[in-house]
Protein chains: 2
Amino acid sequence: MLNYSTSEENYIKAVYHLQLTDDSVTTNEVAGYLKTKPASVTDMMKKLKAKKLLNYERYRGFRLTAEGTKVALGIIRRHRLWEYFLAEKLRFNWDEVHEVAEELEHITNKKLVDKLDEFLGYPRTDPHGDPIPDANGKIEVTRKICLTELPVNKTATVNSVSDQSSKILELLEHKKISIGTRLEIKKRFEFDKSLEIRIGRQPAFTISSQLAENIFVTHE
Amino acid sequence: MLNYSTSEENYIKAVYHLQLTDDSVTTNEVAGYLKTKPASVTDMMKKLKAKKLLNYERYRGFRLTAEGTKVALGIIRRHRLWEYFLAEKLRFNWDEVHEVAEELEHITNKKLVDKLDEFLGYPRTDPHGDPIPDANGKIEVTRKICLTELPVNKTATVNSVSDQSSKILELLEHKKISIGTRLEIKKRFEFDKSLEIRIGRQPAFTISSQLAENIFVTHE
DNA sequence: AATTATTTTTAGTTTTGTCTAAATTTATTT
DNA sequence: AAATAAATTTAGACAAAACTAAAAATAATT
Ligand SMILES: [Mn+2]
Ligand SMILES: [Mn+2]
Ligand SMILES: [Mn+2]
Ligand SMILES: [Mn+2]
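Given the structure is predicted, the values throughout are model-derived calculations rather than measurements. Per chain, residues are indexed from 1 in the order of the written sequence. Each chain gets a letter, beginning with A, and each ligand a number, beginning with 1, in the order they are written. Only residues with pLDDT of at least 70 are given local features in this predicted model, and only at 80 or more are side-chain atom pairs given and counted; all residues enter the totals for whole chains, interfaces and linings. Water and hydrogen atoms were dropped before computing side-chain values, which therefore reflect all heavy atoms in the structure.

(A) How the structure looks around the interface of chain B and chain A. Of the residues lining the interface, 19 residues belong to chain B; the matching set on chain A comes to 19 residues. Accessible area, probed at 1.4 Å, shrinks when two parts are joined; the buried area is that loss added up over both. Interface of chain B and chain A: buried area, both sides summed, is about 1,700 Å²; carbon and sulfur atoms make up 74% of it. Among the residues chain B hides against chain A, the three largest losses belong to B:Leu90, B:Ile107 and B:Phe119. Together they make up 28% of the total. Here, a salt bridge means any side-chain nitrogen of Lys or Arg that lies within 4 Å of a carboxyl oxygen of Asp or Glu. Applying the counting rule to chain B against chain A returns two salt bridges. Between A:Glu96 and B:Lys111 there is a salt bridge, with the nearest N and O atoms lying 2.8 Å from each other. Secondary structure elements with two or more residues in the side of chain B that touches chain A: helix H4 (66-88), helix H5 (97-104) and helix H6 (110-119) of chain B. No other element matches H6(B), which puts five residues into the side of chain B that touches chain A. Considering only residue class, the side of chain B that touches chain A consists of 11 nonpolar, one polar and seven charged. Residues count as neighbours in contact if any of their non-hydrogen atoms are within 4.5 Å of one another. Runs of H or I in DSSP of at least four residues are treated as helices and runs of E of at least two as strands, each being numbered from the N terminus. When residue character is reported, Ala, Val, Leu, Ile, Met, Phe, Trp, Tyr, Cys and Pro are called nonpolar, Asp, Glu, Lys and Arg charged, and the others, Gly included, polar.

In structure tokens, the structure reads:
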């Protein structure tokens, strides 16, 4: 496996994340995601195409090749292992891990990564609930749904949260909701799409539609 | 404290290390140390002078300013904390830690470094026996001498080893010498400068002058 | 279908860090 | 004190990664 620059890696990862929801990724999407300019994206996409990491015909958008996907999963593995390390070992808050992991992920030394994985006890998910690819690049596909789609009275487990700011963290901590919390919806209110939810045997309480939209759960 | 590029940091650290033994550091010394060309060194020295990190008049060599020294100690702190982490937590061998730490040292996030220090239990020295600067940039000055200079029959403690290759590690492991080992010289042989040394009550054995030259000890 | 708007690409700069080759300065010999 | 050698700096080139502004292609409207 060849080595890629920090910049190349950031673009590869961006395309990977964007193509999860979108089948073809556009120049403007990548530019928006990385806070860079469209012209810079075009330059880099040409380079990554030349390295056979993505398919790209001009004006047609991009998708990672199998090789590109493998590279992306390596970066994501490192990113999430470091996030786990920062949260579990260094007691970082949930909203502080991402920024530092964004730098640590670019150190590709294989022994470092695999020994870190071992040291951490082979964690399955990062502090945001996202799955960590294993040393072979295999990643768990969790069929998660948005809390807004969960049927009433079906118990589900909080799997991940899409917004990762300190503002949502503050609210989630106050409501005592975290990754792994088991909960069920008792009632949905049509007027403001707010939800009445219950955790275990505790009294039910209400959460806003804005919060519910950012919570993802698994059930059955 | 401003932020410096990876490249700037590598040069700052090189000058720091070189000026420990040499009162003025030369262009060729830095080029040799960093495996770069003299012309590149001159370019960077101009830049670091402009940033007031070192004193430099052309053709006259360089020395770090107080500010430059502070920056250097920050880099060395990060380098040695990561070396300690790699050796103690990830069970890296002694000769494998340097290369990875060379990359990790450039992540300057203060919280990361200070929390790592706390997690490691505020270690005083790295796996090679070199002191780790504290969060304020204070570093212990150990009056260490080369084993070749230790008087006969004076017990001393192995403090550090200047060569950090796997070849010296192999030999030291075989001889059961490591950082912290207490030993004394029983006899020096003029012919080849070899030394007969003893560890505790064990039988004495011989080491070569080439090995002795790379071992540093403290005594009293 | 023609016009307008949006997206994407191209062309040309800029910054950082590296290099080679030539020029200059300093150090060492004769 | 010249002459020669070594070290250092300058000049000019190059690659990576970013940018702006203009051109080209595609998409959306009228
Ligand atoms: Mn990154
Ligand atoms: Mn994450
Ligand atoms: Mn380094
Ligand atoms: Mn060390």
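(B) Region of interest: the coordination of the manganese ion (ligand 3). All names here are of chain B. Binding of the manganese ion (ligand 3) to the protein goes through Asn10 (OD1), Glu102 (O), Glu102 (OE), Glu105 (OE) and His106 (NE2), at separations of 2.1 to 2.4 Å. When the donors of the manganese ion (ligand 3) are listed by position in the chain, the intervening gaps give N-x91-E-x2-E-H. Linking Asn10 in helix H1 (residues 6-21) with Glu102 in helix H5, this pair joins segments that are 92 residues apart in sequence. Assessed through its relative accessible area of 24%, Glu102 is described here as partly exposed. For Na, K and Ca the donor cutoff is 3.2 Å, while for all other metals N, O and S atoms must lie within 2.8 Å; water is not among the atoms, so some sites may look incomplete. Only protein chains enter the area calculation, which uses a 1.4 Å probe; residues under 20% of their type maximum are buried, those over 50% are exposed, and those in between are partly exposed.

(C) Representation of the protein's contact with DNA strand D within the structure. By convention in these notes, a residue is near a molecule or strand provided one of its non-hydrogen atoms lies within 4 Å of it. Close to DNA strand D lie 21 residues, the nearest being A:Ser5, A:Ser40, A:Lys47, B:Lys46 and B:Tyr56. Side-chain atoms alone can form a polar contact between residues adjacent in sequence; in general such a contact is a pair of N or O atoms within 3.5 Å, and within protein one must be able to donate a hydrogen while the other accepts it. Taking B:Asn28, its main chain carries an N or O atom lying 2.9 Å from a phosphate oxygen of DNA strand D. Among the secondary structure elements, those contributing two or more residues to the surface near DNA strand D are helix H1 (6-21) and helix H3 (38-50) of chain A together with helix H2 (27-34) and helix H3 (38-50) of chain B. Taken together, the residues of the surface near DNA strand D sort by class into seven nonpolar, eight polar and six charged.

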